[in-house]
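Summary of the model geometry
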Amino acid sequence: MYRFLLSRQWVILTLIALVLIPVMIELGFWQFHRHEHRVAQNQLIEDNLKAKPVPVTELTSPGHTVPRSDYWRRVTATGTFDTAHEVVVRRRTNADERIGVLVLSPLVLRDGRAVLVNRGWVPAATDQQAYPEVPPAPKGEVTVTGRLKADETTGASGIKDLSGLPPRQVMLINSERQAESLGREVLGGYLEQTAPAPAGDTPEMIPEPDHDSIGPHMAYAVQWWLFAAGVPVGWVVLVRREKRDREAAAGTATGDDAREPAAHAPA
């Protein structure tokens with residue numbers, strides 16, 4: 001009764017089902033690992049934001065690559081802003097998803113080294129070749145508090161580092177690149193300024209990174225695993241339906257033969 005399973009159609013259908021099951025299970029684990037990564041990152045952000053601020057020089061130095069464990073660590077830096085070498089970072093969005101620029105200002109420390117400070121977001125100029133209106137940085141010595149971030153790269157951010165940009169405009173925040181134009185040592189990474197607040201609330205300061213949402217990855221993982229479990233169930237349902245249809249067809253054919261009148265022999 002189940003010999004139809006050896007037909008070409010059913011062999012192909014069965015092979016597809018056998019391939020789909022492990023693929024869906026693997027996709028479920030992929031989403032589950034993404035969920036675990038998100039949870040771990042949320043915990044890292046929360047812990048680093050709660051940590052007591054430390055001097056930036058304790059966590060980074062010229063040429064240093066900021067490790068992920070130090071991302072969003074609160075740090076302080078005391079120095080004087082070098083507005084002559086201030087640049088803007090193009091094509092960045094604010095909390096309302098408006099496209100503008102980030103204001104990147106070198107803060108010269110007392111020892112002569114500098115650290116890059118992302119002072120916040122401002123609207124871009126109407127003419128992209130023009131330098132936008134940027135509120136001036138505080139004059140004199142100032143102590144800045146901020147979140148430590150790693151240098152941006154094309155590989156990590158996906159942002160293409162375009163050449164031929166107008167003066168004092170860049171695509172990526174990178175301490176090594178800025179050190180070349182500053183002519184002084186620059187600490188690796190940069191600060192997202194959180195204090196002091198700018199006068200007139202501009203530039204718009206960068207909000208805290210989201211560390212509450214866990215995203216839909218766990219739900220997606222469960223969905224993939226349910227799909228994987230549903231494949232063999234669906235296969236069995238189709239087999240039973242095919243068997244029932246074939247039995248019904250065989251019964252109909254037998255009934256038709258029984259009702260056919262017998263042939264009479266000639267006289």
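Each chain carries its own residue numbering, running from 1 in the written order of its sequence. Note on the predicted model: pLDDT of at least 70 is required for a residue's local features to be given, and 80 or more for side-chain atom pairs to be given and counted; whole-chain, interface and lining totals, by contrast, use all residues. Side-chain metrics in this entry use all non-hydrogen atoms of the structure; hydrogen atoms and water are not considered.

**As for the side chain of histidine 217**
Formally: Each helix corresponds to a stretch of at least 4 residues labelled H or I by DSSP, and each strand to a stretch of at least 2 residues labelled E; elements are numbered beginning at the N terminus. Nitrogen and oxygen atoms within 3.5 Å of one another constitute a polar contact, given that in protein one can donate a hydrogen and the other can accept it, and given that sequence-neighbouring residues count only through two side-chain atoms. The contact criterion used throughout is that any non-hydrogen atoms of two residues lie within 4.5 Å.
You can see histidine 217 is positioned in helix H4 (residues 217-259). There is a polar contact of 3.0 Å between the side chain of histidine 217 and the side chain of glutamine 31. Each residue touching histidine 217, except ones within four places of it in the same chain, is listed here: Gln31, Arg34 and His35.

**A short note on helix H1 (residues 8-50)**
The test is simple: What a helix should span is 1.5 Å times the count of its residues minus one. Exposure is judged per residue with a 1.4 Å probe applied to protein chains only, and the accessible area is read against the type maximum: over 50% gives exposed, under 20% gives buried, and values in between give partly exposed.
A rise of 1.5 Å per residue sets the reference length of H1, with its 43 residues, at 63 Å; its end C-alpha atoms lie 64 Å apart and thus fit the reference within 8%. Within H1, burial applies to Trp10, Ala17, Met24, Gly28, Gln31, His35, Asn42, Ile45, Asn48 and Leu49.

**Here's the deal with the side chain of threonine 60**
The topology assignment puts threonine 60 in the loop between strand S1 (54-55) and strand S2 (74-81). Overall, the relative accessible area of 4% leaves threonine 60 in the buried class. A distance of 2.8 Å separates the side chain of threonine 60 from the backbone oxygen of glycine 188, its partner in a polar contact. Once residues within four sequence positions are removed from consideration, threonine 60 is found in contact with Val66, Leu148, Leu187 and Gly188.

**Here's the deal with a nonpolar patch on the surface**
Let me state the cut-off plainly: A patch consists of residues whose relative accessible area exceeds 30% and which take part in no salt bridge; residues with like charges are grouped when within 9 Å of each other, and nonpolar side chains (Val, Leu, Ile, Met, Phe, Trp, Tyr) when within 5 Å. The Shrake-Rupley method, run with a 1.4 Å probe, gives the accessible areas here. Residue values count only the displayed protein chains as cover. Note on definitions: salt bridges are taken to be side-chain nitrogens of Lys or Arg within 4 Å of carboxyl oxygens of Asp or Glu.
On the surface, Val11, Leu15 and Leu18 cluster together into a nonpolar patch covering about 270 Å² of accessible area. Inspection of the secondary structure puts valine 11 in helix H1.

**Considering the nonpolar core**
The cut-off we apply is this: Note on terminology: a nonpolar core comprises buried Ala, Val, Leu, Ile, Met, Phe, Trp, Tyr and Cys residues joined through side-chain atoms within 4.5 Å.
Within the largest apolar cluster, 22 residues are counted, with the highest numbers of intra-cluster contacts made by Val56, Leu107, Val115 and Leu191. Secondary-structure elements contributing two or more residues to this core are H1, S2, strand S4 (99-109), strand S5 (114-123), strand S6 (141-149) and strand S8 (186-195). The contacts of valine 56, once residues within four sequence positions are left out, are Val75, Thr76, Ala77, Val115, Leu148, Leu187 and Leu191. Core analysis: the next-biggest nonpolar cluster, separate from the first, contains twelve residues, Val89, Leu104, Ala114 and Val170 among them.

**Brief notes about the packing of aromatic side chains**
In this description, a pair of aromatic rings is defined by centroid distance and the angle of the planes. Which entries qualify depends on this criterion: To pair, rings of Phe, Tyr and Trp, with the six-membered ring standing in for Trp, must have centres within 6.5 Å; the planes then decide the type, stacked if under 30 degrees apart, edge-to-face if over 60, and tilted in the middle. Note on geometry: a ring has a charge over it if NZ (lysine) or CZ (arginine) is within 6 Å of the ring centre and within 35 degrees of the ring normal.
With the rule as written, the count across this model stands at five aromatic pairs. Between the NZ or CZ atom of arginine 168 and the centre of the ring of tyrosine 131, over which it lies, the distance is 4.3 Å.

**Thoughts on unusual backbone geometry**
A cis amide bond, omega 0°, links alanine 195 with the succeeding residue proline 196. Along the chain, threonine 202 connects to proline 203 via a cis peptide bond; the corresponding omega equals 0°. By the secondary structure assignment, proline 203 is in the loop between S8 and H4. Unusually for a residue other than glycine, glutamate 97 sits at a positive phi of about 65°. For glutamate 97, the location among the structural elements is in the loop between strand S3 (87-93) and S4. For arginine 168, which is not glycine, the phi torsion reads 65° and is therefore positive.

**A look at the pairing of S2**
In plain terms, the rule: Note: two strands are recorded as paired if DSSP finds a minimum of 2 bridges between them.
Here two bridges tie S1 to S2, and the two strands are oriented parallel to one another. Bridge pairing in S2 links proline 55 to threonine 76. Note: S2 against S6, seven bridges, orientation antiparallel. Looking at S6, one finds that alanine 77 is bridged to valine 144. One ladder, built from three bridges, connects S2 with S4; its direction is antiparallel. Within S4, the position partnered with glycine 79 by the bridge is leucine 109.

Distances and angles like these do not, on their own, reveal function.
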